[in-house]
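Below, each chain spelled out in residue letters.
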Amino acid sequence: MKTLIFKTSASYAPLVIRTVLGLIIFAHGIQKLFGWFGGFGFSGTMNFFTDVMHLPWIIGFLVIILESFGAIALIAGAATRIIAASYVILALGIVFTSHIQNGFYMNWIGSQAGEGYEFFLLWIGMAISLFITGAGIHSVDNKIPYDKPE
């Protein structure tokens, strides 16, 4: 089981993908957790998720934790496949609860009711890539011993 979760290569490509994806998601996570960069902070975000979006509190809590602490784990390359799979589920949830009705494109010129879902397709593609390849070089996953098949 450890082999399925932690096996990775010495490639630099997953390092680049997990670092970029992790930094982008972390920026959103700290908006939700601490209110930095114009975010609502933990209480405001939880109120939005439960009162406006009508999500169960546990879903709102998991989103905040996954986008903040999960992003740190992803950047470090710790449990990369688990985080990547979680990010695919999270991105799909965001698309279908908040963005699908706005179409494909982001709202660059303010002509749509909200943002489209193209950003989340990139997020999903990067997460699937990491799920397939693992964390790559310079990762916690790469340091974990696992049973290598003979």
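Look up a bit, the structure's there.
These notes cover the structure that comes with them. (Residues numbered from 1 in each chain as written. Predicted model: local features only at pLDDT ≥ 70, side-chain atom pairs only at ≥ 80, totals over all residues. Heavy atoms only, no water.)

**Quick word on the packing of helix H2 (residues 13-34) against helix H6 (residues 118-133)**
Where H2 contacts H6, the two axes come as close as 10 Å, and the packing angle between them is 135°. Regarding the angle of H2 to H6, the classification is oblique. Read as a crossing pair, H2 and H6 show a hand that is left-handed. Residues Pro14, Ile17, Arg18, Val20, Leu21, Ile24, Ile25 and His28 of H2 touch H6, and the partners they reach there are Phe119, Trp123, Met126, Ala127, Ser129, Leu130 and Thr133. Classifying every residue of the contact of H2 with H6 by side-chain character gives eleven nonpolar, three polar and one charged. (Axes fitted to C-alpha atoms, helices over the stretch in contact; angles between N-to-C directions. Helix = DSSP H or I, 4+ residues; strand = E, 2+ residues; numbered from the N terminus. Parallel < 35°, antiparallel > 145°, perpendicular 65-115°, else oblique. Left-handed = near helix turned anticlockwise from the far one by under 90°. Contact = heavy atoms within 4.5 Å. Nonpolar A, V, L, I, M, F, W, Y, C, P; charged D, E, K, R; others polar.)

**Digging into the packing of aromatic side chains**
The full count for this structure, using the stated rule, is ten aromatic pairs. Plain terms: the ring middles of Tyr87 and Trp123 are 5.9 Å apart, the flat faces sit at 85° to each other, and that makes the pair edge-to-face. Of this pair, Tyr87 sits in helix H5 (residues 80-99) while Trp123 sits in helix H6; the two residues are 36 residues apart in sequence, bridging distant segments of the chain. On the accessibility criterion, Trp123 (4% relative accessible area) is buried. Ring plane angle 85° and centroid distance 5.6 Å describe the contact between Phe104 and Tyr117, whose orientation is recorded as edge-to-face. With Phe104 in the loop between H5 and H6 and Tyr117 in the loop between H5 and H6, this pair connects stretches of sequence that are 13 residues apart. For Phe104, a relative accessible area of 35% gives the class partly exposed. (Phe/Tyr/Trp six-rings, centres within 6.5 Å; stacked < 30°, edge-to-face > 60°. Buried < 20%, exposed > 50% of the residue type's maximum accessible area, 1.4 Å probe, protein only.)

**Focus on the side chain of Glu118**
As for its position among the elements, Glu118 is in helix H6. Lacking a salt bridge, the buried Glu118 has Lys32 as its closest oppositely charged neighbour, with an N-O distance of 18 Å. Setting aside anything within four residues of it in sequence, one finds Glu118 in contact with Phe104, Tyr105, Met106 and Trp108. (Lys, Arg positive; Asp, Glu negative; His and termini not counted. Salt bridge = Lys/Arg side-chain N within 4 Å of Asp/Glu carboxyl O.)

**So, the side chain of Ser139**
Among the structural elements, Ser139 can be located in the loop between H6 and helix H7 (140-143). Among the polar contacts made by the side chain of Ser139, one reaches the main-chain carbonyl oxygen of Gly136 at a distance of 2.8 Å. For Ser139, the contacting residues outside a window of four places in its chain are Thr8, Arg18, Ala76 and Gly77. (Polar contact = N/O pair within 3.5 Å; in protein donor to acceptor, adjacent residues only side chain to side chain.)

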